[in-house]
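# Notes for the structure review
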Amino acid sequence: MKKDILERYERTGDDEIIVDISARKIEDLYNNFDKKSHFMKKDLNQDLVAYLIESVREIDGERFVIRFNFEIPTQEEFFQRVQNSVNRFFLYMQEHEHAKMKEMLRKSTIFFGIGAVLAGVSIFMNQSDWMEKSIAFAVVAEGLSVAAWVSLWEALATFLIRWMPYKKKILLYKNIANAKIIFNVES
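Here's what I pulled together on the structure shown here. (Residues numbered from 1 in each chain as written. Predicted model: local features only at pLDDT ≥ 70, side-chain atom pairs only at ≥ 80, totals over all residues. Heavy atoms only, no water.)

### Details of the nonpolar core
Judged by nonpolar contacts, the single largest core of 34 residues is most densely connected at L29, F64, I66, F68, F90 and I176. Contributing elements (two or more residues each) for this core: α1 (2-7), β2 (17-23), α2 (46-59), β3 (64-70), α3 (77-126) and α5 (135-177). The residues contacting F64, other than those within four sequence positions of it, are E16, I17, V19, V56, I59, N175, I176 and A179. (Core = buried A, V, L, I, M, F, W, Y, C linked by side-chain atoms within 4.5 Å. Buried < 20%, exposed > 50% of the residue type's maximum accessible area, 1.4 Å probe, protein only. Helix = DSSP H or I, 4+ residues; strand = E, 2+ residues; numbered from the N terminus. Contact = heavy atoms within 4.5 Å.)

### Examining the packing of α2 against α5
Relative orientation of the contacting elements α2 and α5 amounts to 105°, with a least axis distance of 10 Å. If you check the angle between α2 and α5, you find them roughly perpendicular. Listed contacts from α5 to L52, I53, V56 and R57 of α2 are K169, L172, Y173 and I176. Of the residues contributing to the contact of α2 with α5, the split by class is six nonpolar, no polar and two charged. (Axes fitted to C-alpha atoms, helices over the stretch in contact; angles between N-to-C directions. Parallel < 35°, antiparallel > 145°, perpendicular 65-115°, else oblique. Nonpolar A, V, L, I, M, F, W, Y, C, P; charged D, E, K, R; others polar.)

### Focus: the sheet that holds strand β1 (residues 10-11)
Spatially, the four strands line up as an open sheet ordered β1-β2-β3-β4, and their pairing is mixed. What marks the edges here is a single partner per strand, and that holds for β1 and β4 (180-185). Inspection of the sheet shows β3 paired to β4 by six bridges, in the parallel sense. If you follow N69 over to β4, its bridge partner there is N184. α2 rests against β2 and β3 of the sheet, and its axis sits at about 165° to β2. (Pairing = 2+ DSSP bridges.)

See below:
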């Protein structure tokens, strides 16, 4: 299946996959929300961002270059700015995902701490003489045991499973940010 997908892409002489992006003019690569701002100060067009992300996900780990094709001739000085825009945008996305991953790991640590404290209190209560004297005390002790295990499970699940999608996105954004970009202007 992957081989079929990769065959859809053109390749460079160095056997790198070419992710082609065609636009009428360079301004089409940017959002149009701020009509007064020069196009180089705008964010990348979200359709372009989505296309790049999906294409790089699709080729999964293969070496690639991004080729921008423009119908209208463009000044070469703008090419470096486009490269900087793509680089900065995906570095920002990488930092954003990294911050989300750090927050998730922070929450995991908090859940682990709460779970450990609850487990300690539960063990102490379960070894107490009050366990046989009071049903309410026994119910609270068992409830704390359940709460401790739920909290510890949440911490463990987050640490072992939920961080992986963040890590994949960070790597994906890093690959796009560091991609070689080439330009083709139709004459």
